[in-house]
Amino acid sequence: MNLRIPYRHLLLSILLLAMLTACSQTPSPAAEPSTPESGAEAAAPQTEEEAPATREFEHGKGVSTIPTHPERIVAIQYTGAMLALGVKPVGADNEWSAYPLLADEWQGIEHVGDPWTGLNLEKIVELDPDLIVTHVEATYDELSKIAPTLWIPWLQYNPQEQITLFGDILGKQEEAAAWLEQFQTKVEDTRAEVANLIGEDETVAIFNIRPQNLFIYGDKAMGGYVIYDLLQLHAPELIQQAVLDEGVGQLEVSMELLPDYANADYLFLSVLEDENGTAYADEVMNSPLFQQLPAVQQGHVLPLNWDTYFTTDPLSTLKQLDAFAELLAKE
């Protein structure tokens, strides 16, 4: 009997069955289910090492290519915003070194000159920055030849907006969110404290004496943002209409108009002592018009140190909350 043909058929059948079984147990790549693990891997954000080294950033002068994580920054303004986020510029304009509320954080920052009377461009080159931030338009072109430069006009952003902006610029978004949360808590606590010191119907004004001029401040500088916006204290009607409602940072007034504008229950007074400013301030404060102001009559004139309250950066603003509460508590 010839068994060779059936035997060959049997072997072929066994081999075919084994191949079909193996194929049925090996899933097709197209049909492979997406597990949570594989989905997380596909959607995982880039790590700092994987992120691109540079990115495009739009600012007041257009779009610039800047480092994704800048490390050597020269700050012509906005130093306080960077310090609030834990970033210390390698260089900054000299103006910031005069602010006592930033004295501790300022240590170790190189001076690069005055933005108005002359920057030390050689010093900036020597610092080898990978990013420059400035608020002065006149020197933008010179600075942009040294390193990528962002032009951000001053007073365009309030302190909280500065934190958000520089959280983006510096790649510190999480730190910015945490700082803003802490800041809001501080504002609410200080507002409640001050509400026990100044009556709801009482008004406050910010008066500045310079060597040849008198100014009433709004909420842009000299502590105005803290007083009016954060602590929500009230201005006299004329200041509200002519300064705050109009978005005016400071309004020059004549001596004759002082009783109209400074008709407040509390008067915060700052003096620019340079260039014989102290002598002029004595003349103003000893005048009959000044002596007849309601705040003077009630003994509610509170001195504001120029350097302490002039700036409106986030870190100084945070510290000014305590400083104002202390001033009022002493009063």
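These remarks concern the structure in this document. Here the structure is a predicted model, which is why all the values come from computation and not from measurement.

## What about the pairing of strand E14 (residues 301–304)?
Alright, step 1. Here E14 shows one buried face, formed by Leu302 and Leu304, and one open face, formed by Val301 and Pro303.
Alright, step 2. When strand E13 (residues 266–271) meets E14, the two strands line up parallel, connected through 4 bridges. Within E14, the position partnered with Phe268 by the bridge is Leu302.

## Points about the sheet that holds strand E4 (residues 91–92)
Alright, step 1. Read from one edge of the open sheet, 5 strands run E5-E4-E3-E8-E9, paired in parallel fashion. Only two strands of the sheet have a single partner each, and these edge strands are strand E5 (110–111) and strand E9 (149–151).
Alright, step 2. Pairing geometry for strand E3 (residues 73–76) and E4, over 2 bridges, is parallel. Note on E4: the bridge partner recorded for Val74 is Gly91.

## Details of a negative patch on the surface
Alright, step 1. Residues Glu188, Asp189, Glu193 and Glu326 make up a contiguous surface patch of negative charge.
Alright, step 2. Ranked by residues supplied to the negative patch, first place goes to helix H8 (residues 173–195) with 3 residues.
Alright, step 3. With respect to the element layout, Glu326 can be found in helix H16 (residues 314–330).

## Here we look at the side chain of Gln320
Alright, step 1. Along the chain, Gln320 turns up in helix H16.
Alright, step 2. The exposure class assigned to Gln320 is buried, which follows from its relative accessible area of 1%.
Alright, step 3. Among the polar contacts made by the side chain of Gln320, one reaches the main-chain carbonyl oxygen of Thr311 at a distance of 3.2 Å.

## Remarks on the packing of H8 against H16
Alright, step 1. Contact pair H8 / H16: the axes reach a minimum separation of 10 Å and the direction vectors enclose 15°. The angle between H8 and H16 places the two elements in the roughly parallel class. Handedness of the crossing formed by H8 with H16: left-handed. Note on element contacts: H16 touches H8 through Pro314, Leu315, Thr317, Leu318, Leu321, Asp322, Ala325 and Leu328, opposite Trp179, Phe183, Lys186, Val187, Thr190, Glu193 and Val194.
Alright, step 2. Across the contact of H8 with H16, the residue classes break down as 10 nonpolar, 2 polar and 3 charged.

## Some words on the packing of aromatic side chains
Alright, step 1. Applying the stated criterion across every chain, the model contains 7 aromatic pairs.
Alright, step 2. Both rings, one in Tyr78 and one in Trp154, keep their centres 5.1 Å apart while their planes meet at 75°; by these two values the pair is edge-to-face. Taken together, the residues span a long stretch of sequence, with Tyr78 in the loop between E3 and helix H3 (79–84) and Trp154 in the loop between E9 and helix H7 (159–169) at a distance of 76 residues.
Alright, step 3. The class for Trp154 is partly exposed, based on a relative accessible area of 24%.
Alright, step 4. An aromatic cluster of three or more residues is present, and its members are Tyr78, Trp154 and Phe166.
Alright, step 5. In this structure, Lys61 packs its charged tip against the face of Trp151, placed 5.3 Å from the ring centre.

## Points about the side chain of Asn208
Alright, step 1. Take Asn208: it is sitting in strand E10 (residues 204–209).
Alright, step 2. Using a relative accessible area of 0% as the deciding quantity, one classes Asn208 as buried.
Alright, step 3. Side chain to side chain, Asn208 and Arg210 meet in a polar contact 2.8 Å long.
Alright, step 4. A polar side-chain atom of Asn208 sits 3.0 Å from a polar atom in the side chain of Ser270.

Rules and cut-offs
- Residues numbered from 1 in each chain as written.
- Predicted model: local features only at pLDDT ≥ 70, side-chain atom pairs only at ≥ 80, totals over all residues.
- Heavy atoms only, no water.
- Buried < 20%, exposed > 50% of the residue type's maximum accessible area, 1.4 Å probe, protein only.
- Helix = DSSP H or I, 4+ residues; strand = E, 2+ residues; numbered from the N terminus.
- Pairing = 2+ DSSP bridges.
- Patch = residues over 30% accessible without salt bridge, like charges linked within 9 Å, V, L, I, M, F, W, Y side chains within 5 Å.
- Areas by Shrake-Rupley, 256 points an atom, 1.4 Å probe, with all protein chains shown as cover.
- Salt bridge = Lys/Arg side-chain N within 4 Å of Asp/Glu carboxyl O.
- Lys, Arg positive; Asp, Glu negative; His and termini not counted.
- Charge placed at Lys NZ, Arg CZ, Asp CG, Glu CD.
- Polar contact = N/O pair within 3.5 Å; in protein donor to acceptor, adjacent residues only side chain to side chain.
- Axes fitted to C-alpha atoms, helices over the stretch in contact; angles between N-to-C directions.
- Parallel < 35°, antiparallel > 145°, perpendicular 65-115°, else oblique.
- Left-handed = near helix turned anticlockwise from the far one by under 90°.
- Contact = heavy atoms within 4.5 Å.
- Nonpolar A, V, L, I, M, F, W, Y, C, P; charged D, E, K, R; others polar.
- Phe/Tyr/Trp six-rings, centres within 6.5 Å; stacked < 30°, edge-to-face > 60°.
- Lys NZ or Arg CZ within 6 Å of the ring centre and 35° of its normal.

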